[in-house]
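Survey of secondary and tertiary structure
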Amino acid sequence: MRCIICREEKDESEEHIVPEALGNKKLITKRVCKECNNKLGANVDDYLTNHPIVKLIRIDENLLGKSGKEIKFFSGIEVDEDTGLKYDMKDGKPVLQPRMITGIDGHIRIEAANVQAGLDYFRKIMKRKGYSNEQIDKICEEAITGEAQLTSPPKFKKDATIDFSKLGLAAIKIAYEYAFSVLGEKYLDDDIAILFARELKKNAYSAKKEIDVSNELARYVTFPIQGSGIENLLSEIKENISKTTLDVLHIIFMIKQNGCLYCIINLCMTDIISFAIKVTEKADDYKIQMPLTFVFRDGTTLTA
């Protein structure tokens, strides 16, 4: 099999055209090798599926993805924007990280989620300093302990700034793989397809912090699609769907405009993550009827 990303002969794997984390199970291509598949997921799909805005949509839509685990909007260590206190987000719930404070009078105070957590934290520190268990026990017996009630819950914030180049690259991956599934082998020799494959491979195999999307790709991506004229067609399709019992999650289709083919991607039926990707400037080279693909909430698909 010739992988459509690295263009090398390798064993096939099942690559989800729309990321599995967005509820897609059946819209796949087997023309991506396992290595490219894994690296695309980690370095290209990840920016789309784990962007804070998309995470909120996934939580609202209950899209758990491949792992089936609950999505955690906050994870790791978060800082209360009012107090500066650090919280460990265990199971999605904030737990105050213990900290030691030395006052100007030389007295030491431990702040923690509860008394026991504070004492445990203190014991670890004293152990590192070489104190014996007996010495630590004596100090703890003489310590003043108590639990203070927080006057208000901690406040955390997420930076939802969009890196349009990275988001556009994730959309290009979907459009490129979908276009290949529709247009076939001939599409791999298209100038735009060659460019897309090269950029996808370059960034898939880069370290995560070194992803560098070519400015050249920007001319092929329209995001958001409001004001492009395409939104009218998409609105009509969505209105027709609303008159049925179909539980559609994503819509993908291609249209011809001015000799070009565009792949229209509407994810989670929301305009926030909708894209128009120019996939070829040689529409007349492909004499086939352009399908309309629906991905349903149960992960199945329908192409009409």
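Heads up: these notes are all about the structure in this document. (Residues numbered from 1 in each chain as written. Predicted model: local features only at pLDDT ≥ 70, side-chain atom pairs only at ≥ 80, totals over all residues. Heavy atoms only, no water.)

Notes on the sheet that holds strand β13 (residues 301–303)
- If you trace the six strands from one edge of the open sheet to the other, you get β8-β11-β10-β9-β12-β13, paired in antiparallel fashion. Looking at the sheet topology across the chains shown, the edges are occupied by β8 (221–222) and β13.
- Direction of pairing for strand β9 (residues 248–257) relative to strand β10 (residues 260–266): antiparallel, over a ladder of seven bridges. Considered in β10, the bridge of isoleucine 252 is made with isoleucine 265. (Pairing = 2+ DSSP bridges. Helix = DSSP H or I, 4+ residues; strand = E, 2+ residues; numbered from the N terminus.)

Topic: the packing of helix α1 (residues 34–49) against helix α6 (residues 191–204)
- Two elements in contact, α1 and α6, have axes whose closest approach is 8 Å; the angle formed by their N-to-C orientations is 85°. It follows that α1 is roughly perpendicular to α6 by the angle criterion. Taking contact as the criterion, the partners of Lys39, Leu40, Asn43 and Val44 in α1 are, on α6, Leu200, Asn203 and Ala204. (Axes fitted to C-alpha atoms, helices over the stretch in contact; angles between N-to-C directions. Parallel < 35°, antiparallel > 145°, perpendicular 65-115°, else oblique. Contact = heavy atoms within 4.5 Å.)

Comments concerning unusual backbone geometry
- Here arginine 7, not a glycine, exhibits a phi torsion of approximately 65°, which is positive.
- Looking at the element boundaries, arginine 7 is found in the segment before β1 (12–16).
- With phi around 55°, methionine 269 is a residue other than glycine that occupies positive phi space.
- Assignment of secondary structure puts methionine 269 in the loop between β10 and β11 (274–280).

Quick look at the nonpolar core
- Core analysis: the largest hydrophobic core is formed by 60 residues, its most contacted members being Tyr176 and Tyr187.
- At the level of elements, β2 (28–33), α1, α2 (52–61), α5 (164–183), α6, β9, β10 and β11 are the ones that each hand at least two residues to this core.
- Here this core takes 13 residues from α5, the largest share from any one element.
- With residues near it in sequence (within four places) discarded, tyrosine 176 still touches Ile4, Ile5, Arg7, Tyr187, Leu188, Ala193, Phe196, Ala197 and Leu200.
- Within the second largest apolar cluster, 15 residues are counted, among which are Ile225, Ile241, Ala276 and Phe294. (Core = buried A, V, L, I, M, F, W, Y, C linked by side-chain atoms within 4.5 Å. Buried < 20%, exposed > 50% of the residue type's maximum accessible area, 1.4 Å probe, protein only.)

What about the side chain of threonine 293?
- Inspection of the secondary structure assignment puts threonine 293 in strand β12 (residues 292–296).
- In this structure the side chain of threonine 293 is engaged in a polar contact, spanning 2.8 Å, whose partner is the side chain of tyrosine 178.
- Ignoring sequence-local partners within four residues, the contact set of threonine 293 consists of Leu27, Tyr178, His250, Ile251, Ile252, Leu302 and Thr303. (Polar contact = N/O pair within 3.5 Å; in protein donor to acceptor, adjacent residues only side chain to side chain.)

Some details on the sheet that holds strand β5 (residues 93–96)
- Spatial strand order, β3-β4-β5: three strands in an open sheet with antiparallel pairing. Both edges of this open sheet fall to β3 (76–79) and β5, since each of them pairs with a single strand only. Strand-to-strand twist across the sheet, computed as the mean angle between neighbouring axes with direction ignored, equals 40°.

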